[in-house]
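Listed below, chain by chain, are the residues.
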Amino acid sequence: MKLLKSILTLSTLFITIISYSQTEKVQDCKILNHSKLKYVENDDKTAFVVIKNNKHIEYLRNEKYYIKSDLVWINECEYNATMTEITLPNFPFKAGEVMNVKFEKIENGIVTGIGTVRGNSFPVKFELIN
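How each quantity is defined
Residues numbered from 1 in each chain as written. Predicted model: local features only at pLDDT ≥ 70, side-chain atom pairs only at ≥ 80, totals over all residues. Heavy atoms only, no water. Core = buried A, V, L, I, M, F, W, Y, C linked by side-chain atoms within 4.5 Å. Buried < 20%, exposed > 50% of the residue type's maximum accessible area, 1.4 Å probe, protein only. Helix = DSSP H or I, 4+ residues; strand = E, 2+ residues; numbered from the N terminus. Contact = heavy atoms within 4.5 Å. Phe/Tyr/Trp six-rings, centres within 6.5 Å; stacked < 30°, edge-to-face > 60°. Disulfide = S-S within 2.5 Å.

This next bit is on the nonpolar core. Leu32, Leu37, Ile51, Tyr79, Phe103, Val111 and Phe126 are the most contacted members of the largest nonpolar core, which has 26 residues in total. Mapped onto this core, the elements with two or more residues apiece are β2 (48–52), β4 (65–75), β5 (78–86), β6 (98–107), β7 (110–117) and β8 (120–128). Among residues more than four places away in sequence, those in contact with Phe126 are Leu37, Lys38, Tyr39, Val40, Val49, Phe103, Gly109, Ile110 and Val111.

This is the structure we're talking about:
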């Protein structure tokens, strides 16, 4: 009887841990308020993003070009970025346009989420550098 009780207790604990980890997708996103993020899946291997509170700068092609944005944080895992200055040639968006970014998961230093501009959504994936 004691063995059965122990097995049931361990099973319940195991199920609780599994269900918590499946529902708890996003950790503490506050770390992203002051961060440097490198693109994981991008043709430009030198591209990275720096976020400092309400400012966002994306550096491209060995820092030759950049996209600056002002951020309005909706919650600690989501912001709207209003693009203010763009030096990247042939960039499809213009200053004044807004991109919504919603971070969904931070795991093993990898940050994933969804970006949306003009109603078009796309996955975002970064490595947290600092």
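Here we come to the packing of aromatic side chains. Tallied over the full model, the rule gives five aromatic pairs. Ring geometry for Tyr39 against Phe126: centres 4.8 Å apart, planes inclined by 45°, an arrangement best described as tilted. Placement of the pair is Tyr39 in strand β1 (residues 34–39) and Phe126 in strand β8, with a sequence separation of 87 residues. Taking the relative accessible area as the measure of exposure, Phe126 reaches 6% and is therefore buried. A ring pair is formed by Trp73 and Tyr79, whose centres lie 5.0 Å apart and whose planes are at 70°; its orientation type is edge-to-face.

Once that is clear, we can look at the state of the cysteines. Tallying each qualifying case throughout the model produces one disulfide. The disulfide that involves Cys29 links it to Cys77, with 2.0 Å between the sulfurs. Residues Cys29 and Cys77 are joined through a disulfide that is right-handed, its torsion about the S-S bond being 95°. Linking Cys29 in the loop between α1 (2–23) and β1 with Cys77 in the loop between β4 and β5, this pair joins segments that are 48 residues apart in sequence. In this structure, Cys29 and Cys77 share a single accessibility class: buried.

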